[in-house]
Amino acid sequence: VSNLKVGMFVSGLDRDWLETPFLMQGFFIHSPEDINKVAEYCRHVYVLGTGKLDFAGEVDFESGILIGRKPEKYPLQSSVQKEHKQAKVTQKKVRKYIRGFLKSTRFGETVDTDAAKGLVSESVESVLRHPDAMSFLTKLRGQDEYTVEHCINVCMLAIVFGRRLGLRKNQLINLGLCGLLHDVGKMKVPYEILMKPGRLTQEEYEIMKQHTELGAAFLKKRKGVFQGVIDVALSHHERPDGLGYPNGLADSELALFTKIISIVDAYDAITGDRVYATGRPSTEALRILYEQRGKQFDDKLALAFIQTVGIYPPGTVVELLNQKVAVVVDASLGLRHLPRVLVVRDENKEPCEEYLVDLGESIDNPQLKPYLIRSSLSDGCYGIKLASFYERGLFEHEFKSTPPADPS
Ligand SMILES: [Fe+2]
C-alpha cells in the first residue's frame, strides 16, 4: 500500500472485499486520501498493470536478450479447453521422463539428456498455443515425490514466464531445460536428508546446499548439454544481494536465466507441499517475492512474474459473492482479476451442475456482479478436489458462458 499512487487501479485486496468499504470489481485511486483509506484496511493490494512489462528488451544478458530488441509476441492459437487435451499428454511424457532421469541419476545409471530437449520443445509449443492449460497443470500436483513435481512445475512456469517476457522460441526451450534440470544435484544428496520430514540441522543444510555444485558437475560430464543449464544448476540459489550460495555472486554476475529460474523455483517451493509442510497459497508466495524484490530476487523480473501469475492463476478455487464456489479457468491479459470461472458448488456448497461464467462480462452486465470473486480458497476446501474435476474432463469441455437463471 505504501507504493500506491494516484491514478492506479486497485483490482484486488489482501482480505475479503466484504470486510471493507471498497468496490468488489476494483476502483481507481483518485487522491492521497484514497490511499490513506486503503491503508486503514490493507497491507498490500493488487493494482492492474497496463499489460506492458517495463522489462523485456532492455537488458542484455548472456542468455540472449538484445538491448532494444522487441519482445516476441505470441497470439493465442487455441482455446484453453482444446489446449488442456494436448497439455495433459505432454505433461505426462515429461513426468515419465524426469521421473526416470532423476532415479537413474540417484543410482548412478546412465541418463538420456537428449530426449529432454524434444519434450521441452513440445511443452513450449503447448504454452505458446495457450499458456493457461500448462499453468493450470502446475496446480495439480501428482503423486510423485517432491523433486519430480518441482522440476516439472519449474520447467512449465519458466516457459509461461518466458513467453510473457517475449523470449524467442529457442530461448524458451533452453529456459525450460534449465527449469527441468536445475535441481538434478539433489539426487546426489543423501536420501534421508532430502526426504527428512522436519527442519534440517545446520550440518544437514550445508550438505543440502551442495546440490548446486553436485548438479553442475554431473551435467558437465554429459555430452551436448546447453551451458546455460549447467550455469543455472550451479547458481539458482545465488541472490542479487550477494547472500546466496554456493559462491555469493554479485547481482552483475547473475545471468538472466539464473534470475528467472530462482524466482520460479522459490514460487513453486512456497506453494508446493513438502515432506514437512503443506503448500502456502499463491498470493502468499507472490507477497514474499514482492517483499524480497531487489534483495533475494531481481527487482524487475519479480514484478514481471507477479504480473504473469496474477491474483487468481488458473486452477485457483474461489468463493464468489453469492457464496457459490468456482475454479478459475483462464483470464485475458488485461483482466487477470476478472477471469472465466467454472462454478462447481451452489450457495450451500453442495455439488451442482457445472457451468462457466466470464467475469469480464460483469463490467457491462450487472446481473453477473454476484458472481464476482470474494476470496481464494485452498484446494480441498468444501471437499473440492481440483484433480477430480480435472479427471472428469471438465476443463476440456466447451461450456456456454452463461449462468443459469438464478431463482433468487
Ligand atoms: Fe535448488
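Anything mentioned here points back to the structure above.
Below: a short report on this structure. (Residues numbered from 1 in each chain as written. Predicted model: local features only at pLDDT ≥ 70, side-chain atom pairs only at ≥ 80, totals over all residues. Heavy atoms only, no water.)

## Some points on the coordination of the iron ion
For step 1, the next point in the chain: Coordination of the iron ion by the protein comes from D183 (OD), H211 (NE2), H236 (NE2) and H237 (NE2), over a distance range of 2.2 to 2.3 Å.
For step 2, the next point in the chain: Expressed as a motif, the donor residue spacing for the iron ion is D-x27-H-x24-H-H.
For step 3, the next point in the chain: Classification of H236 as buried rests on a relative accessible area of 0%.
For step 4, the next point in the chain: Look at H237 and you get buried, because its relative accessible area is 15%. (Donors = N, O, S within 2.8 Å, 3.2 Å for Na, K, Ca; no water. Buried < 20%, exposed > 50% of the residue type's maximum accessible area, 1.4 Å probe, protein only.)

## A look at the sheet that holds strand β3 (residues 45–47)
For step 1, the next point in the chain: Here we have three strands laid out as an open sheet, ordered β2-β1-β3, and antiparallel in their pairing. If you trace the sheet from one side to the other, it starts and ends with β2 (27–28) and β3, each paired once.
For step 2, the next point in the chain: Strand direction decides the pairing type here: strand β1 (residues 9–13) and β2, joined by two bridges, are antiparallel. Residue pairing for β2: F9 is matched across the bridge by F28. (Pairing = 2+ DSSP bridges. Helix = DSSP H or I, 4+ residues; strand = E, 2+ residues; numbered from the N terminus.)

## Here's the deal with the packing of aromatic side chains
For step 1, the next point in the chain: Overall, the coordinates contain 11 aromatic pairs when judged by the stated rule.
For step 2, the next point in the chain: A ring pair is formed by F136 and F395, whose centres lie 4.5 Å apart and whose planes are at 50°; its orientation type is tilted. Linking F136 in helix α4 (residues 131–139) with F395 in the segment after α14 (386–391), this pair joins segments that are 259 residues apart in sequence. Both residues of the pair, F136 and F395, count as buried.
For step 3, the next point in the chain: The interplanar angle of 25° and the centroid separation of 6.5 Å between the aromatic rings of Y390 and F395 together place this pair among those described as stacked.
For step 4, the next point in the chain: Overall, the relative accessible area of 3% leaves F395 in the buried class.
For step 5, the next point in the chain: Feature note: the residues Y97, F101 and F218 constitute an aromatic cluster, connected by ring pairs. (Phe/Tyr/Trp six-rings, centres within 6.5 Å; stacked < 30°, edge-to-face > 60°.)

## Considering the packing of helix α5 (residues 146–165) against helix α11 (residues 256–271)
Axis angle and axis distance: for two packed helices, these are the angle between their axes and the distance between the axes, and together they describe the pair.
For step 1, the next point in the chain: One can describe the packing of α5 onto α11 by two numbers: an axis separation of 9 Å at closest approach and a directional angle of 130°. Taken together, the axes of α5 and α11 are oblique relative to one another. For the pair α5 and α11, the crossing hand works out as right-handed. Touching Y146, H150, N153, V154, L157, A158, F161 and L165 of α5 are I260, I261, V264, D265, Y267, D268 and A269, all from α11.
For step 2, the next point in the chain: Taken together, the residues of the contact of α5 with α11 break down into 11 nonpolar, two polar and two charged. (Axes fitted to C-alpha atoms, helices over the stretch in contact; angles between N-to-C directions. Parallel < 35°, antiparallel > 145°, perpendicular 65-115°, else oblique. Left-handed = near helix turned anticlockwise from the far one by under 90°. Contact = heavy atoms within 4.5 Å. Nonpolar A, V, L, I, M, F, W, Y, C, P; charged D, E, K, R; others polar.)

## Quick look at helix α9 (residues 211–220)
For step 1, the next point in the chain: Taken as a whole, α9 has its buried residues at H211, T212, G215, A216, F218 and L219. Buried residues in α9, looked at end-on, bunch into an arc of 165°, giving them a common side.
For step 2, the next point in the chain: Close packing links the buried residues of α9 with α2 (80–106), α6 (169–181), α8 (202–209) and α10 (227–235). (Arc of directions from axis to C-beta.)

## Concerning the pairing of strand β4 (residues 317–320)
For step 1, the next point in the chain: Both faces of β4 are covered, namely the face carrying V317 and E319 and the face carrying V318 and L320.
For step 2, the next point in the chain: For β4 and strand β5 (residues 325–330), the ladder comprises three bridges, and the chain directions are antiparallel. When the sheet's bridge partners are listed, V317 is paired in β5 with V327.
For step 3, the next point in the chain: Count of turn residues in the β4/β5 antiparallel hairpin: four residues, of which Q323 carries a positive phi of about 75°.
For step 4, the next point in the chain: Pairing between β4 and strand β8 (residues 373–377): four bridges, direction antiparallel. When the sheet's bridge partners are listed, E319 is paired in β8 with S375.

## Quick notes on the side chain of T20
For step 1, the next point in the chain: Structurally, the position occupied by T20 is in the loop between β1 and β2.
For step 2, the next point in the chain: When sequence neighbours within four positions are dropped, the list of residues in contact with T20 reads L13, R15 and Y41.

## Examining the state of the cysteines
For step 1, the next point in the chain: Throughout the structure, instances matching the rule amount to zero disulfides.
For step 2, the next point in the chain: There is no disulfide at C151, and the cysteine sulfur nearest it, in C155, is 9.1 Å away.
For step 3, the next point in the chain: For C178, which is in no disulfide, the shortest distance to another cysteine sulfur is to C155 and amounts to 9.8 Å. (Disulfide = S-S within 2.5 Å.)

## Remarks on the nonpolar core
For step 1, the next point in the chain: If you look at the biggest cluster of nonpolar residues, it comprises 89 residues, and the most contacted ones within it are I98, F101, L180, L219, L289, F305 and F395.
For step 2, the next point in the chain: If we skip the residues at most four places from it in the chain, F101 touches V111, D112, T113, L181, V184 and F218. (Core = buried A, V, L, I, M, F, W, Y, C linked by side-chain atoms within 4.5 Å.)

## Digging into the pattern of salt bridges
For step 1, the next point in the chain: For the coordinates displayed, the defined rule picks out 20 salt bridges.
For step 2, the next point in the chain: In this structure, E284 and R287 form a salt bridge, with 3.0 Å as the shortest nitrogen-oxygen distance. Remark: R287 and E284 occur in helix α12 (residues 282–291); sequence separation between them is three residues, near one turn of the helix.
For step 3, the next point in the chain: Here E319 makes a salt bridge to K349, at a shortest N to O gap of 3.0 Å. On the criterion of sequence distance, the pair formed by E319 in strand β4 and K349 in the loop between β6 (340–345) and β7 (351–358) is long-range, its members being 30 residues apart. Comparing E319 with K349 shows no difference in burial state: the two are buried.
For step 4, the next point in the chain: Salt bridges linked by common partners bring R43, R280, E284, R287 and E291 together as one network. (Salt bridge = Lys/Arg side-chain N within 4 Å of Asp/Glu carboxyl O.)

Without other data, these values stay purely geometric and don't point to any function.
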